[in-house]
Every structure is written in structure tokens, then in C-alpha cells.
Amino acid sequence: MRLFIFILIVILHGSCTKEVEITIPNNGTQFVVNGYIENGKPATILLTRSLSYFAPQNYDNIFSSFIEGATIQIISETGETEILNYVGPQYHDTWMYNYIGNSIIGEEGQTYRIRINKGDTLLTSIASIPNIAELNKDSLRFLYRPFDSTYCYLYGFYQDPDTIGNSNRIFTRTNQDPLFAPNLDQNGNYNDEYINGDGLGFPMYKGRGFWQDWDYGEDWEEIDGVCGPTIGFWCIGDSVELKMSSVNRAYWDFWNSIQYNNPGGPFGNPSDVISNINGGLGVWGGVSSEKINLIADPSIENPIVN
């Protein structure tokens, strides 16, 4: 018996010392596109170069990765063409861009192609702007957090169209936030894989922006000067802006894959980010959006501000 235990220990020890080699392919040479065209707005694109896996993640490195001097052409399905202007790092309501169009304005149901030239590099992609799937505005209500009359969350009802493939992104911000942030629940990404053609009521919690430094420790400090960290809830009386965006499926797939790219623990397997850029990485999408202004107050029957 002792001999058997000794042999088993030797086998287990040997099986735990296998040398594993991992090849990390990202050497910081690929072009990365983050762009979309939205209903009623020109195209915006953030064009950067990928950073090396081991490069420090700081503002200097990030801003040095921005690409200037590229020729970015957008072509509509009706034959209109336009060269986007380089404007340097700018913010729109959800993220950054460094190239923007002027004459071609996004329309629901239309398809747009892009061609990006920089030196010997050519990137292409295509995207259509879907018809917007609106929230039922009459259903929008703020509800108190359980056992608490200081914070609240937003509840709404969505009626999905009877065609499969509808995808949505939901953003919110208060009058104190510089940008929209995706909702905390599923990071604001939803599709109709399980609810096609049906109605769905769901909560919309306050998203956390990258600019917000929330302390999850016991000794919380006030961050908004009014009622402290909300951790997904609004303070009573907040002015809230809701942005509901219908997006084409490739655009949704990209952001959904970003959400689940990082494993949930040390033994999780990272997944691949789904790109629709030929010749590079990233996404080019079509978006149709609606914005709604509200007052975060459960005592108000109709929180919509006209």
C-alpha cells in the first residue's frame, strides 16, 4: 500500500510541472477602428494603433496611439461619398473620435461603407442603420430601491418587433455626468434572441462611467456632493437623460464580445473580440437612437420632461 501511495505522489507531482508556453501575438502594429454612423448625425471614427500587450496603460501611451493622416471615405448606398475630417481627439456623447464627417447624415434603413487608407494599409467595412425600436414612454417609472427612499431606479417596457435580430444598447447619464454610460445590467447590451416579438419590462440602473471613481469600501466618501455613491441607483431629484439605441447585429456582437472578453477569475478563458473590420480590428456600426429626459422621482406619475 505504501508503495502505491508513493507511485501516485510521483505521478501527480510530474503532472503538475508541465511547462506551458504562451504566444502573445499582439505587438502593437494593427489598426483599430471604433466608429459608427447614427441617425441624424455624421459618421464619427476613432482610429488608433493597437498597443503592445506589455505597454503601460496610461494616457500618454493611449493618446500616442491615435492615428493622424489617414484617408477615411464613407460611401452611402445611394452613391454619395465623403472624406472624413481629422479633428484630433474629441468627445461625443458616449466616447471619443478623431475623424468626423459633414455632408452624409445617417438615415434609418440605409447602408454605409467605409474605406480607410493609411500608407500600405487598407481597412474596409459595411454597416446598415436599423429602424429604431422605441421604448414605451408611458411605461417609464422611477421606483424606490427596496427599504430606501433616498435612491431609485428606472423601469420601462420594451415591445420587440416581430423580426429576429433586433439589438439594442441603453445608456444613461445625469446632469452631473459628462458622457453617457452603458447601464450596469449586462452593460446595456440586449438582443431579442429569447424575446423575439414579445414585450419585456425591465429595470434600467445608473451606469458607471470610466471617469467615476467609486469607493466600494466601508468608509464611502461622497462623490457627487449630494447623496454619496449610488452604485447603480439615482438620487431622488436627479435630472436623468436616457439614450435608447437600436444597433445592427455586427455592432452589438462587437460590444457584447468586449463585455465577456475578460474571464471572471484566474482560471477563466478569455474569448475573442468579434470584429467586422477587414484588414484590422474594431467595429463599424449603424445606430438609430432616441433620447428621453426624465426627473428621478418615484412620486411623479409621469417623469418625462418635455
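Residues numbered from 1 in each chain as written. Predicted model: local features only at pLDDT ≥ 70, side-chain atom pairs only at ≥ 80, totals over all residues. Heavy atoms only, no water.

**Digging into the overall build of the chain**
Thought 1: The helix and strand tally for the chain stands at 3 helices and 17 strands.
Thought 2: Expressed as a percentage of its 306 residues, the buried residues of the chain come to 42%.
Thought 3: Restricting to contacts in the chain with at least 6 residues of sequence separation, those with at least 24 account for 65%.
Thought 4: Accessible surface computed for the chain: about 17200 Å², of which carbon and sulfur atoms make up 52%. (Helix = DSSP H or I, 4+ residues; strand = E, 2+ residues; numbered from the N terminus. Buried < 20%, exposed > 50% of the residue type's maximum accessible area, 1.4 Å probe, protein only. Contact = heavy atoms within 4.5 Å. Areas by Shrake-Rupley, 256 points an atom, 1.4 Å probe, with all protein chains shown as cover.)

**Considerations on helix α3 (residues 249-259)**
Thought 1: Within the span of α3, buried status applies to Y251, W252, F254, W255, N256 and S257.
Thought 2: Among the structural elements, β1 (31-38), β11 (167-174), β13 (189-191), β16 (239-247) and β17 (281-295) are those in contact with the buried residues of α3.

**Quick notes on the pattern of salt bridges**
Thought 1: Throughout the structure, instances matching the rule amount to 9 salt bridges.
Thought 2: In this structure, K291 engages D93 in a salt bridge whose closest nitrogen and oxygen atoms are separated by 2.8 Å. Of the two residues, K291 is situated in strand β17 and D93 in the loop between β5 (85-91) and β6 (96-100); the sequence distance between them amounts to 198 residues.
Thought 3: Relative accessible area serves as the criterion here: at 10%, D93 is assigned to the buried category.
Thought 4: Close ionic contact of D253 with R249 constitutes a salt bridge, the shortest N to O distance being 2.9 Å. Here the residue D253 and the residue R249 both occupy positions in helix α3, the gap between them amounting to 4 residues, near one helical turn.
Thought 5: Through salt bridges that share partners, E38, K41, D93, K243 and K291 make up one connected network. (Salt bridge = Lys/Arg side-chain N within 4 Å of Asp/Glu carboxyl O.)

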